[in-house]
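# Secondary and tertiary structure notes
Each chain, letter by letter, is given below.
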Amino acid sequence: MSHSTEMPAARTNKASDLPFDFNTALSLETDKPDSPVSTLFTHQTTSTTSSTSSSAGSSLAARRTHSGEILSNSFPKPGHRRTGSGPLIFTGSGTSNVSTHTNSTASSPVTNLLPAGNICPSGKIAKPSTVHKTVTHRNDVLGSGTGNYGHGSIIRGGAATGTGTGIEDFSSVKRAMVSVDLEEVKRIGNELYKKGQLLEALRVYDRAVGMQPDNPVCRSNKAAALIGLRRFGEAVRECEEAVRLDPGFSRAHQRLASLFLRLGVVENSKKHLLLASAQPDLIELHKLQTLEKHLTRCTDARRSGDWKSVLRETDSAITAGADSSPLIFASKAEAYLRLYQIDDADMAICDACQLDSSFYFSVDTKYFGFVGNSYIHYVHALVEMARGRFETAVTAAEKARNIDQANSELYSFTITVKSVVRARSLGNELFNLGKFTEASLAYGEGLRHDPSNPVLYCNRAACRYKLGQWDKSIDDCNEALRIQPNYTKALLRRAASYAKIGCWAESVRDYEALRKELPGDTEVAEALFHAQVALKSSRGEEVSNMKFGGEVELISGLDQFHTAISLPGVSVVHFMAPLNPHCSQMAPFLDALCARYPSVNFVKVDVIENPAVAKSENVRMVPTFKIYKNGNRVKEMICPSQQLLEYSVRHYGF
């Protein structure tokens, strides 16, 4: 992955990257597969299709209700059992600070799809394992339930958006917007909710709240729709307002218990679970205890630096129900980062930042000693530093510092981040002025503050390459690749440095790895070719017949054909007929492949003009492609798609 804030220099993919000797373009041009190709003989194909479907659901029983209240979630919570869910467990109490902004007037697109599967914490789609059982209720009630009600996300059309509005539903919403009968408005909202029209239901519930702001049922119903839309922070605010209006409102307490479990605030979840009933749900209590156990183990593992255990315990916490806690996902990101799995860390912190941003952990909530949301911003800054996005890292560090101003660790960390950014900026400026010795020292100063930063190592390697310090350049590249094994620029600079000191085997190895990562980069292909020639020469092998690039060669006889396929490396032969439309369609693509993979030898044989060649290779259909490696045939394809042909070229060519 490229690093957008690396030092700018010539011949790089991005203007802000350090220079290197070859283009590292990441794009690979691909084309859609062709339709079945015409043949010289009959050619039959068969195909089969299959489909699977699944559905799941559950119903929950209620203890006490208000008139017009939604009593259960009509759809199962994605990726969780009916007994509840929960996010991170935190060691704090008190109410949460929640953003008061609510956008409930949006409309949803027109679809009418039923859930096809559950969303798992990993982000993959899993088939549900239970069968939905229908329970009959009163017309104005969606169902019954316990403390687990209202903690699931209702899926329509593959996203928790509540889509599928029809003409009748639109008419109902319009009627609710002008009605002065609160019971009718609540009934319309409940009907929309049962149909999964969450955005429309939310709009109607908003109308009900506007008509009677001090009605706890209206608040609780609105919270149910918000939960289905995964807007947990707003749902917490509505439920907290409902219990303020009616401290004995068990349904709102149950929903708060479930919400805080998903958000990982264990103490708050436990408090509302006990307030919801004189006899709290033992299953829910067990879930809380399990989650708390995993988070305690996670804290102990982090303290001892056992990052693999941190990963294991955070995954267990998510499985136990903490599927929507940004703090737990931030914990995963930090563990990945400490294990030098930077790509995974980047994905995990993105997940943490994309979770419901309307919820803010209170100052009473602490996680690993960090107050509120400060830990999320701290980890975000760490990941941005490793990625080389230094300015963003400074912003994240300052956010963490502003939230937890008494934290001495955050104070020192913010100073360190700013020092690294200054050193990197100075190094870039000096490099661009051609002052490579001074630039190398500047990057070294940045590494003194952040000794595990792959971008700074790679930038210093570029300076040392320019200074002719090949061995030191290789050492810096090795450090960068140890921290980030898939760092393309570090691999490229190491390959070039190996070539400078005549380590051709090592240079070829790195360039071959680069060719797999950058198959369309002709400069990398050319560098690989020259390294291969040099390696063969150093071993005393014949290199006079090796060639690089050119056009697709037309074969005019059997002897020329045998010479072509006997060349060192890979040869791709296209057996074609000039008037065949499918061969004509493949010809431009073959020209493109020839330009894209210049180290591969591409030839074509006109089977009409050279029947002896076609007969010797037993070609009975066109277009036919055969791949040879060092004179031996390794692959034959009849009427391949463009994707298959290119895949085969890459597979055997590199």
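Numbering of residues begins from 1 in every chain and follows the order in which that chain's sequence is written. Under the rules for a predicted model, residues below a pLDDT of 70 receive no local features and side-chain atom pairs below 80 are neither given nor counted, while totals for whole chains, interfaces and linings still include all residues. Only hydrogens and water are set aside when side-chain values are computed; all heavy atoms of the structure are taken into account.

Another point: the overall build of the protein. Per the secondary structure count, the protein includes 24 helices and 11 strands. Three exposure classes are used, based on accessible area relative to the maximum for each residue type with a 1.4 Å probe and protein chains only: buried under 20%, partly exposed in between, and exposed over 50%. Across the 654 residues in the protein, those meeting the buried criterion constitute 54%. For the protein, the share of sequence-separated contacts (at least 6 apart) that also reach a separation of at least 24 residues comes to 69%. For the area figures, the Shrake-Rupley method with a 1.4 Å probe applies, and any residue is considered shielded solely by the protein chains shown. For the protein, the accessible surface area stands at approximately 28,900 Å², while carbon and sulfur atoms represent 52% of it. Helix and strand definitions here come from DSSP, where helices need a minimum of 4 consecutive H or I residues and strands a minimum of 2 consecutive E residues; each element is numbered from the N-terminal end. Should any heavy atoms of two residues lie within 4.5 Å, those residues are considered in contact.

A separate point is the pairing of strand β8 (residues 570-576). In terms of residue burial, β8 counts as a mostly covered element, since seven of its seven residues are buried. Two strands qualify as a pair provided DSSP detects at least 2 bridges between them. In this structure, β8 lies alongside strand β9 (residues 601-606), joined through six bridges in parallel fashion. Within β9, the position partnered with Val573 by the bridge is Val603. Here is how to tell: hold the view so the strands point away, follow the path from the first strand over the helix to the second, and if it runs clockwise the crossover is right-handed. The parallel pair β8 and β9, bridged by helix α22 (residues 581-596), forms a crossover whose chirality is right-handed.

Turning our attention to the packing of helix α3 (residues 198-211) against helix α4 (residues 216-228). Here, axes are lines fitted to C-alpha atoms. For helices the fit covers the stretch in contact, and angles between N-to-C directions go from 0 to 180 degrees. Relative to each other, α3 and α4 sit at 160°, their axes nearing to 9 Å. It follows from the interaxial angle that α3 and α4 lie roughly antiparallel. Here α3 and α4 pass one another in a crossing that is left-handed. Across the interface between the two elements, Leu198, Leu202, Tyr205, Asp206, Ala208 and Val209 from α3 touch Cys218, Arg219, Asn221, Lys222, Ala225, Leu226 and Gly228 from α4. Working definition: roughly parallel below 35 degrees, roughly antiparallel above 145 degrees, roughly perpendicular at 65 to 115 degrees, and oblique for all remaining angles. Crossings are sorted by hand: turned counterclockwise from the far helix by less than a right angle, the near helix makes the crossing left-handed, and turned clockwise it makes it right-handed.

The five strands lie next to each other as β7-β9-β8-β10-β11, forming an open sheet whose pairing is mixed. Of all the strands in the sheet, the pair left with one neighbour each is β7 (553-555) and β11 (632-638). Adjacent strand axes in the sheet meet at a mean angle of 25° when their direction is disregarded. Where β8 and strand β10 (residues 624-629) come together, six bridges link them in antiparallel fashion.

This next bit is on unusual backbone geometry. The omega torsion of the bond from Val622 to Pro623 falls at -5°, within 30 degrees of zero and hence cis. Within the chain, Asn618 stands out as a residue other than glycine whose phi angle is a positive 55°. Within the secondary structure layout, Asn618 lies in the loop between α23 (611-616) and β10. Although it is not a glycine, Cys639 adopts a positive phi angle of roughly 55°. Position of Cys639 among the secondary structure elements: in the loop between β11 and α24 (642-653). Using a relative accessible area of 17% as the deciding quantity, one classes Cys639 as buried.

Strand direction decides the pairing type here: β10 and β11, joined by six bridges, are antiparallel. The partner of Lys629 across the bridge, within β11, is Asn632.

This brings us to the UniProt feature "repeat: TPR" (unreviewed entry) in the protein. UniProt positions are given in the numbering used here, feature names are shortened, and annotations may be inferred rather than shown by experiment. Taking the UniProt record as the reference, the feature "repeat: TPR" (unreviewed entry) is found at residues 182-215 and 454-487. As annotated, residues 182-215 has a helix share of 79% and a strand share of 0%, and its two end C-alpha atoms lie 10 Å apart. Taken end to end, residues 454-487 is 79% helix and 0% strand, and its two terminal C-alpha atoms sit 8 Å from one another.

Within this document, salt bridges are pairs made up of a side-chain nitrogen of Lys or Arg and a carboxyl oxygen of Asp or Glu, the two lying within 4 Å of each other. For the coordinates displayed, the defined rule picks out 30 salt bridges. Here Arg460 makes a salt bridge to Asp476, at a shortest N to O gap of 2.9 Å. Taken together, the residues span a long stretch of sequence, with Arg460 in helix α16 (residues 454-466) and Asp476 in helix α17 (residues 470-483) at a distance of 16 residues. There is no split in this pair, since Arg460 and Asp476 are both buried. Notably, a salt bridge pairs Glu617 with Arg633, separated by 3.9 Å at the nearest N-O pair. Remark: Arg633 occurs in strand β11 and Glu617 occurs in the loop between α23 and β10; sequence separation between them is 16 residues. With relative accessibility at 12%, the residue Glu617 sits in the buried group. Through salt bridges with shared partners, a single ionic network connects Asp206, Arg219, Lys222, Arg237 and Glu238.

Okay, α24 next. Take the residue count of a helix, subtract one, and multiply by 1.5 Å to get its expected span. Over its 12 residues, α24 extends 16 Å from the first C-alpha to the last, a length consistent with the 16 Å expected when each residue adds 1.5 Å. What α24 keeps buried is the set Gln642, Leu645, Glu646, Ser648 and Val649. End-on, the buried residues of α24 take up no more than an arc of 160°, which puts them together on one face. Elements that come into contact with the buried residues of α24 comprise β8, α22, β9, β10 and β11. As used here, the arc is the angular range of directions from the helix axis to the C-beta atoms.

Position of Gln585 among the secondary structure elements: in helix α22. For Gln585, a relative accessible area of 41% translates into the label partly exposed. Separated by 38 residues in the primary sequence, Gln585 and Pro623 have C-alpha atoms spaced 10.0 Å apart.

This part takes up the confidence of the model for the protein. Any region with low pLDDT has predicted coordinates that should not be read closely. Each residue carries a pLDDT score, the predictor's own confidence in it, on a scale running from 0 to 100. Mean pLDDT for the protein: 77, with 72% of residues reaching 70 or above. A low-confidence stretch, residues 1-65 (pLDDT under 50), is modelled with 195 contacts involving residues beyond four sequence positions or located in other chains. When the criterion is pLDDT under 50, residues 72-164 qualifies, and its contacts beyond four places in sequence or with other chains add up to 318 contacts.

Between its first and last C-alpha atoms α4 spans 19 Å; for 13 residues at 1.5 Å apiece the expected length is 18 Å, and the two agree. Across the 13 residues of α4, 13 count as buried, placing the element largely inside the fold. Within 3.5 Å is the distance limit for a polar contact, defined as a pair of N or O atoms, with the added protein rule that one can donate a hydrogen and the other accept it, and that residues adjacent in sequence qualify only through two side-chain atoms. The N-terminus of α4 is capped by Asn215, whose side-chain oxygen sits 2.9 Å from the backbone nitrogen of Val217. Positioned one or two residues after α4, Arg230 has a phi angle of 65°, which is positive.

The next point concerns the nonpolar core. In terms of nonpolar packing, the biggest core is built from 123 residues, with Tyr375, Tyr378 and Tyr511 touching the most fellow members. Put simply, a nonpolar core is a bunch of buried Ala, Val, Leu, Ile, Met, Phe, Trp, Tyr and Cys residues held in one set by side-chain atoms that sit within 4.5 Å of each other. Core analysis: the second largest hydrophobic core is formed by 17 residues, Cys583, Val605, Val613 and Ala614 among them.

Working definition: a ring pair exists when centres of Phe, Tyr or Trp rings (six-membered ring for Trp) sit within 6.5 Å. Plane angles under 30 degrees give stacked, over 60 give edge-to-face, the rest tilted. Counting across every chain of the model gives 11 aromatic pairs. Pairwise contacts between aromatic rings join Tyr367, Phe368, Phe370, Tyr375, Tyr378 and Phe413 into one cluster.

The subject of this paragraph is the packing of helix α14 (residues 408-432) against α16. Taken N-terminus to C-terminus, the directions of α14 and α16 make an angle of 25°; their axes are 11 Å apart at the nearest point. Viewed along their axes, α14 and α16 adopt a mutual orientation that is roughly parallel. In this structure, α14 meets α16 at a crossing whose hand is left-handed. Between α14 and α16, the contacting residues are Val420, Arg424, Asn428 and Phe431 on the first element and Leu456, Asn459, Ala462, Cys463 and Lys466 on the second.

For the rest of this paragraph, the subject is the side chain of His272. Along the chain, the position of His272 falls in helix α7 (residues 266-276). In terms of polar contacts, His272 uses its side chain to reach the side chain of His253, at 3.1 Å. Excluding residues that lie within four positions of it along the chain, His272 makes contacts with His253, Leu256, Ala257 and Phe260.

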